[in-house]
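Given next are the chains, with one letter for each unit.
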Amino acid sequence: LTPLANAQQVAASEKIGTMKLVEGEVKVISLSGTQTDAKSGHELAAGDKLVSGNNGSASLVLRDGTVLMLSAKSTLDLKNFTFDSTTNAGSMLLSLTKGTMRAVTGLIAKRNPNAVEIKTPTLSVGVRGTDFVVNADDPNSSEDIALCAR
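To keep things clear, this report deals only with the structure shown in the data block. Nothing here was measured: the structure is a model prediction, and the numbers come from that model. (Residues numbered from 1 in each chain as written. Predicted model: local features only at pLDDT ≥ 70, side-chain atom pairs only at ≥ 80, totals over all residues. Heavy atoms only, no water.)

1. Focus: the overall build of the protein
In step 1: Helix and strand counts for the protein stand at two helices and 14 strands.
In step 2: A total of 150 residues make up the protein; the buried ones form 39% of that total.
In step 3: Sequence-distant contacts in the protein: of pairs separated by 6 or more residues, those separated by 24 or more amount to 49%.
In step 4: When the accessible area of the protein is evaluated, it comes to approximately 7800 Å², of which 50% is carbon and sulfur surface. (Helix = DSSP H or I, 4+ residues; strand = E, 2+ residues; numbered from the N terminus. Buried < 20%, exposed > 50% of the residue type's maximum accessible area, 1.4 Å probe, protein only. Contact = heavy atoms within 4.5 Å. Areas by Shrake-Rupley, 256 points an atom, 1.4 Å probe, with all protein chains shown as cover.)

Encoded structure:
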C-alpha cells in the first residue's frame, strides 16, 4: 500500500462510535463492502453505511457524544468523523440518502457548529441547533428539516 492508501485504511478502521439500540433489520456495510447485521455494541468506523429495513431502527453514539437515531427505511453514510478528546476539536460529515434521522449533537458541534455537516440528495445542512431531525424520503419533494435548540 502507498502511504496515503495506508493512512486512509487506518483512518477508516478507527472506532468512531457504537451501536446502542437496534430493532428489526439494520445492516452495517463497511467501506470495503462487507455487510453485517447491526447489533448493540457493534463498533462503527468512518465510511460505514447503515441501512435500516422496513421494520428496522437504530440508535448510535459517536465518540464525541453525538446521538443519532435512524428510522425504518433509512440509509445513513458515516462519511467522515474526526475527534480529539483532549481538545474536543473535530469534524463530522454524514450523508442521509434515504429516510429519517434524528440527531442530538455532541462536543464537536458544541465547540464548532460549522464542523458538522449533514448532506441529503438535495441539500446540505449546517448544524446550528443541538437537537434536530433530517428527512430525505423523496428527493423530488421538499426536505423537512427541524432545528430545535435544547
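2. Side note on the pattern of salt bridges
Side-chain pairs of opposite charge can arise where the charged atoms are in close proximity.
In step 1: Enumeration over the complete set of coordinates arrives at three salt bridges.
In step 2: Here Asp37 makes a salt bridge to Lys27, at a shortest N to O gap of 2.4 Å. Taken together, the residues Asp37 in strand 3 (residues 35-37) and Lys27 in strand 2 (residues 26-29) connect sequence positions ten residues apart.
In step 3: Asp37 sits in the partly exposed class, given a relative accessible area of 41%.
In step 4: Of the charged contacts in the structure, one is a salt bridge between Glu117 and Lys119, with a shortest N-O distance of 3.7 Å. (Salt bridge = Lys/Arg side-chain N within 4 Å of Asp/Glu carboxyl O.)

3. Some points on unusual backbone geometry
Apart from glycine, the bulk of residues carry a negative phi angle, and the bulk of peptide bonds sit in the trans form.
In step 1: Residue Lys73 is not a glycine yet carries a positive backbone phi of 55°.
In step 2: Among the secondary structure elements, Lys73 is positioned in the loop between strand 7 (67-70) and strand 8 (75-84).
In step 3: Among the residues examined, Lys73 registers a relative accessible area of 45% and is labelled partly exposed.
In step 4: Not every positive phi belongs to a glycine, and Asn88 is a case in point at roughly 65°.
In step 5: Here Asn88 is to be found in the loop between strand 8 and strand 9 (89-98).

4. With respect to the side chain of Thr66
In step 1: Along the chain, Thr66 turns up in the loop between strand 6 (57-62) and strand 7.
In step 2: Polar contacts involving the side chain of Thr66 include one to the side chain of Asp64, which spans 2.9 Å. (Polar contact = N/O pair within 3.5 Å; in protein donor to acceptor, adjacent residues only side chain to side chain.)

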